[in-house]
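Spelled out from the first residue to the last, the chains are:
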Amino acid sequence: MKKKIYLLLGLLMSFLLPSKAQEQTISGTVTAFENGMPLVGVSVKVKQTGSGSSTDDAGRYQIAALDGQTLVFSYVGYATQEIPVAESTIIDVQLTSDNPLEEVVVVGYGTQRRAEITGSVATIRGEQISAQAVRSPLQALSGITPGVEVLQNSGQPGSALSVRVRGGNSILGGNEPLYVVDGFPISGSLEIINPNDIVSMEVLKDASATAIYGSRGANGVVMVTTKKGTATGTKIEYNGYYGWQSVYKTMDMLGARDFAVLANERAANDGVAPFFTDEEIASFGEGTDWQDAIFDTSPMQNHSVLIAGGSERTKFSISGNYLDQQGVILNSFYEQMQLRNTIDHELFKGWNISLNTIVNRSKSNILKSDNTERGSGVLSGALIAPPTIGIHNEDGSYRNIRAYAFSPDIAENPVMTALERTDITTRKSLLANGALTGNLTDDLVLRTSVGVEYQNNRADFYSPRMFQVSANGDATLSYGEVMNVVNENTMTYTKRFGNGHEIKALGGLTSQRTITQGVTAGATGFALDLLTNLNLQSGNDPKIPQSYRTEYSILSWLGRVNYSYQDKYLLTASIRADGSSRFGRENRWGYFPSVAGAWRISGEEFWGDLSTTINDFKLRASWGKTGSTSIDPYQSQAVLLGLPVVFDDNLTVGYGPGGIQPNPELKWETTGQFDVGIDLGFWNNRLSLVFDYYHKKTRDLLTSSPLPLSSGYVSVPRNVGSVENKGIDASINGAIVDNDRFKWNVGVNLSMNRNKVLELADGADIFGATLGLPVGLPVSLVREGHPVGVFYGYVENGLTADGAINFVDLDGNGVINASDRTIIGDPNPDYILGINSSLTYKNLTLSFLLNCVQGNDIFNYGFTNIADGFSFGINQIQDVMGNYWTADNPNPNAKYPKISSTTVYRASDRYVEDGSYIRMRNVQLAYTFKNLRLKALNLENSQVYLSAQNLFTITDYSFYTPEVNTVGGGISRGIDQYGYPDARTFLLGVRLRF
């Protein structure tokens, strides 16, 4: 009987008690979160038993563990991570660096630990980018990266951004840095990259870091690393926001009554009959607010989804993005859609293949606003339009704003210009690159890659018959495409030997081929506006079609050696040779060497107890050369152009030489750069300081020299001249408070660059773009001994006895002419300061980014129109009223001269303003949900946030925004010719990770 009872109890206990867990083998790969590189020697232990393993040269590990136990991953310089063992036998881990010295940094053709860096490299982490909720990754560089200046040409949605790394080197060529995405150098900008897909961005600034890219690295290099898949299970991220934009500033313009008073003042001074009767003036109120008619509060939304996962051998990620930004001016918009995917597959041990693809489509309506004059564009039209008339006629048609005899002849109704004129650009682009990486031996790694970058642009333009300039309709359709193919082959040899010696050698061969082509067709003379530009043959006056095609290539070989001894003595030497088809046969090859060294003094024994305060102290120095091919193809060769000529009323096409005289002696524009820097870490890197001084000199400038008409050519390209840039970069980052409940991180960076033209071709000045009336000439100048792009014009000295502007006769010949112009301003800033802060209390985080630009001037072209004392008969800013010269009060120091159509205005220092500003670029308040579970979903560190961009701007600049360069960021930078205003934006967003 007892046996039966014991048997029954045993069966009952077997049901009630859990069975013993089965031991299983767990495997996976450990990589660095910053760039996905495998980590060697990571300790992997079972928390409950202490049994352990470590990762091999490929970052792989194996360990036996039970279900429910916890694996602990630890590595020097990285945050320890604990992961419970569940049903999966594959656990991949990404470790985040907690020591800046051990942080893995992406450099040209490889990676290095921060401690091994000998050049000047700045890093921007993905979380710093996503926290700003920016449209373009380039916007995230502003105010965060020392030595980097981001120039905004216009506030129009989708407007291009320009980046300058330690100033501009070239006068007529490009000054944009090279962008490298996941190892693939692209020819365009980073607009095609979704900011939420970025893990990190590295900016290579000195020649030691950039010379490995030769001619393509002359203006700095921006390395972008995007998110990849892992084998830790499928993860999904969603980032989205919705917000509203509005202009934060408008011009205080005259109302209808003041406008009429000023018009009659002009009539009286000009000796003509009054334009308005006293009864009309008395009947006028404030009139039409034309700015209110074109400005609108507009929505903006962005949605991104990332899915990443995979197995031990195959990892993948796929992401999609949709951005819709409506402009603050009617009918302006920018829309972008993107799809990106990555696949990494282990073919067999030590050999991997990867494929990255990005497909992008954008669409924007480009308003006629920037660089217009006297009411020919939307913004200029809204400012000059008479407030005495309305937007529409009684029948609903648009009112002609050239309502009076004194109205400018080119002005158009700004609402009509915004709504009825079409100028849509559609861009489709593909970026695809594949790479094969393999270990030939334990120390030798081969990498070969092929990449294709393709972009197709379509521009649809139609100006209907209601416009004066297109009374018969004007249609244009343009197609253009760019194909860029790059092949790179490198071998990397790494060897550790002796007591702390390490050498890493890189050698490679690369080639690049770029083809650009396009066609444009158009017509005028349309009977109807219905078909716009979709049926060009319906126009009875076709335009002459145009087409183009250019092709050029670069072949390169490169080499680099890094040597390290006990992480204390570091040497780097590199050389690259580039052969470009843009130059003549005798000068095609350029050679670009660099050398750098660093001494980690804090690693010496004598540093001793000082390490408790200054734990890292490194001195760096580097020198190198980079080159530039900043000329269009075929300028070293003779070319023929088609020349249409009329003979006997017949159109005949002949051929003749182009306007540019070929120069087979053209050679590389070369920039030599010296850099010395210091890296300091205090109190276990709670506080870090990086300081660099640099000096750059660009020789053999590629310039265009004018030729006499008798030569048969307009100009000839030559290598003459030199430009100098020198300055400092500095950054301080500190964890002011760091505990479980409260964290406060602050970063400050400073950039100071001094630009100077040392030599020009024959000492001749180079002028920038010609501006509209009343300026009618260039105001930007390149002159020996001065910075590039200084402002050039007349100097005023009060008013004459009859109320005219008194221009200073600088040459003393008694006549005011072009010889009396002089340098009147400098658009280059004295310094740029950025301050960023992140304050966290429990789950709540407040962060901000403050940007300060000081010492730069702006040429305010807008005031040559709307602050010209009614000279053109257009509306004026309110400041004119009561501040102008009158016969009753002939004040020689009055701010504005006599109100008269005969008053002469010139490009003078009157329009040069201080463009310094302090801008709160981004403020964000976020709440983080830690380990939030919604049914079956585990939301890891998800956030909800409220963000404000351009919250406020402190400036003395009187027009819309000081952050503007409507004529571009080259030699004509700092000009504001009716630039599209910036918007203040409020966003509500979420970041979900599960």
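Model, not experiment: these values are computed from the prediction. (Residues numbered from 1 in each chain as written. Predicted model: local features only at pLDDT ≥ 70, side-chain atom pairs only at ≥ 80, totals over all residues. Heavy atoms only, no water.)

Undergrad: Break down the overall build of the protein chain for me, with residues and values.
TA: In terms of regular secondary structure, the protein chain is built from 9 helices and 55 strands. Here the C-alpha atoms of the protein chain give a radius of gyration of 32 Å, agreeing with the 30 Å that 2.2 N^0.38 yields for 994 residues. The principal-axis extents of the C-alpha atoms in the protein chain amount to approximately 130 × 75 × 65 Å. Of the contacts made within the protein chain by residues no fewer than 6 positions apart, 69% connect residues no fewer than 24 positions apart. Within the structure as shown, the protein chain displays about 43000 Å² of accessible surface, and the carbon and sulfur contribution to it stands at 56%. Looking at charge distribution, the protein chain has the averaged site of its 80 positive side-chain charges lying 10 Å from that of its 99 negative ones. (Helix = DSSP H or I, 4+ residues; strand = E, 2+ residues; numbered from the N terminus. Rg over C-alpha atoms; globule rule 2.2 N^0.38 Å. Contact = heavy atoms within 4.5 Å. Areas by Shrake-Rupley, 256 points an atom, 1.4 Å probe, with all protein chains shown as cover. Lys, Arg positive; Asp, Glu negative; His and termini not counted. Charge placed at Lys NZ, Arg CZ, Asp CG, Glu CD.)

Undergrad: Can you break down the pairing of strand S28 (residues 569-580) residue by residue, with the values?
TA: Put simply, side chains in a regular strand alternate between the two faces of the sheet. As paired strands, strand S27 (residues 546-565) and S28 are joined by 12 bridges and run antiparallel to one another. Within S28, the position partnered with Tyr563 by the bridge is Leu571. Connecting S27 to the antiparallel partner S28 that follows it, the hairpin turn spans 3 residues, and Gln566 within it adopts a positive phi of roughly 55 degrees. Bridge analysis of S28 against strand S29 (residues 589-600) gives 11 bridges, and the strand direction is antiparallel. Opposite Ser574, over in S29, you have Ser594 as the bridge partner. (Pairing = 2+ DSSP bridges.)

Undergrad: So what's going on with the pattern of salt bridges? Residues and values would help.
TA: Counted under the stated rule, the structure contains 40 salt bridges. Of the charged contacts, one joins Asp675 and Arg620 as a salt bridge, the two residues approaching to 3.9 Å between their closest N and O atoms. Of this pair, Asp675 sits in strand S33 (residues 669-682) while Arg620 sits in strand S30 (residues 614-628), and the two are 55 residues apart along the sequence. Both residues of the pair, Asp675 and Arg620, count as buried. Salt-bridge contacts for Arg919 lead to Glu963; the nearest nitrogen and oxygen are separated by 2.7 Å. A residue pair is termed long-range when its members are at least 10 positions apart, and Arg919 in strand S49 (residues 917-929) and Glu963 in the loop between strand S53 (953-955) and strand S54 (975-976) qualify at 44 residues. When its relative accessible area of 8% is taken as the criterion, Glu963 is described as buried. Through salt bridges that share partners, Arg166, Lys205, Lys618, Arg620, Asp675, Asp679, Asp692 and Asp729 make up one connected network. (Salt bridge = Lys/Arg side-chain N within 4 Å of Asp/Glu carboxyl O. Buried < 20%, exposed > 50% of the residue type's maximum accessible area, 1.4 Å probe, protein only.)

Undergrad: Please provide a residue-by-residue account of the sheet that holds strand S13 (residues 178-181), values included.
TA: If you walk across this open sheet you meet the 5 strands as S10-S15-S16-S13-S14, and the pairing is mixed. Looking at strand neighbours, the two that pair on one side only are strand S10 (121-125) and strand S14 (184-186), the edges of this open sheet. Along the sheet, successive strands turn relative to each other by an average axial angle of 25 degrees, direction set aside. The pairing of S10 with strand S15 (residues 198-204) spans 5 bridges and is antiparallel. Its bridge partner being in S15, Val121 is matched across the sheet by Leu204. (Axes fitted to C-alpha atoms, helices over the stretch in contact; angles between N-to-C directions.)

Undergrad: Hey, could you go over the packing of aromatic side chains for me, with residue numbers and the actual values?
TA: Here the structure, examined in full by the defined rule, presents 30 aromatic pairs. Between the aromatic rings of Tyr794 and Phe807, the centroid separation amounts to 6.0 Å while the plane-to-plane angle is 65 degrees, which identifies the pairing as edge-to-face. Separated by 13 residues along the polypeptide, Tyr794 in the loop between strand S41 (790-793) and strand S42 (796-799) and Phe807 in strand S43 (residues 805-807) bring together distant segments of the chain. In terms of burial, Tyr794 and Phe807 fall into one category: buried. The structure contains a cluster of three or more aromatic residues connected by ring pairs, namely Phe259, Phe275, Phe276, Phe284, Tyr404, Phe406 and Phe870. When the ring centre of Phe872 is taken as origin, the NZ or CZ atom of Arg374, which lies over that ring, is 5.3 Å away. It is Arg906 that lies over the ring of Phe807; its NZ or CZ is 5.4 Å from the centre. (Phe/Tyr/Trp six-rings, centres within 6.5 Å; stacked < 30°, edge-to-face > 60°. Lys NZ or Arg CZ within 6 Å of the ring centre and 35° of its normal.)

Undergrad: Could you give an account of the sheet that holds strand S1 (residues 23-32), naming the residues involved and the relevant values?
TA: Strand order across the open sheet formed by 3 strands is S4-S1-S7, with mixed pairing between neighbours. Looking at the sheet topology across the chains shown, the edges are occupied by strand S4 (60-66) and strand S7 (93-95). If you compare each strand with its neighbour and ignore which way they point, the axes differ by 40 degrees on average.

Undergrad: Summarise the environment of Tyr693; cite the residues concerned and give the values.
TA: Mapped onto the secondary structure, Tyr693 falls in strand S34 (residues 687-699). Overall, Tyr693 belongs to the partly exposed group, its relative accessible area being 32%. With 15 residues separating them along the chain, Tyr693 and Ile678 place their C-alpha atoms 9.3 Å apart. In contact with Tyr693, other than residues within four places in its own chain, are Phe674, Asp675, Val676, Lys726, Gly727 and Ile728.

Undergrad: For a nonpolar patch on the surface, give the residues involved together with the corresponding values.
TA: Together, Val305, Ile307, Phe316, Ile318, Leu339, Ile343, Leu355, Val359 and Leu430 make up an exposed nonpolar region whose accessible area comes to about 650 Å². Breaking the nonpolar patch down by element, the ones donating at least two residues are strand S18 (298-310), strand S19 (314-326), strand S20 (333-348) and strand S21 (351-365). Assignment of secondary structure puts Ile318 in strand S19. Residue Ile318 is classed as partly exposed on the basis of its relative accessible area of 37%. (Patch = residues over 30% accessible without salt bridge, like charges linked within 9 Å, V, L, I, M, F, W, Y side chains within 5 Å.)

Undergrad: Go over helix H4 (residues 256-270) with me, naming the residues and quoting the values.
TA: With 15 residues, H4 ought to run about 21 Å at 1.5 Å a step, and its terminal C-alpha atoms sit 21 Å apart, in line with that. Tucked inside the fold, the buried residues of H4 contact helix H5 (278-283). Immediately downstream of H4, the backbone of Gly271 shows phi near 75 degrees, a positive value. (Expected span 1.5 Å × (residues − 1).)

Undergrad: Requested: an account of the pairing of strand S17 (residues 235-246), with residues and values cited.
TA: Here S17 pairs with S18 via 11 bridges, running antiparallel. In the strand pairing of S18, Gly243 is matched with Met300. With 10 bridges connecting them, S17 and strand S55 (residues 984-993) associate as antiparallel partners. For Gln245, the partnering residue across the bridge sits in S55 and is Thr985.

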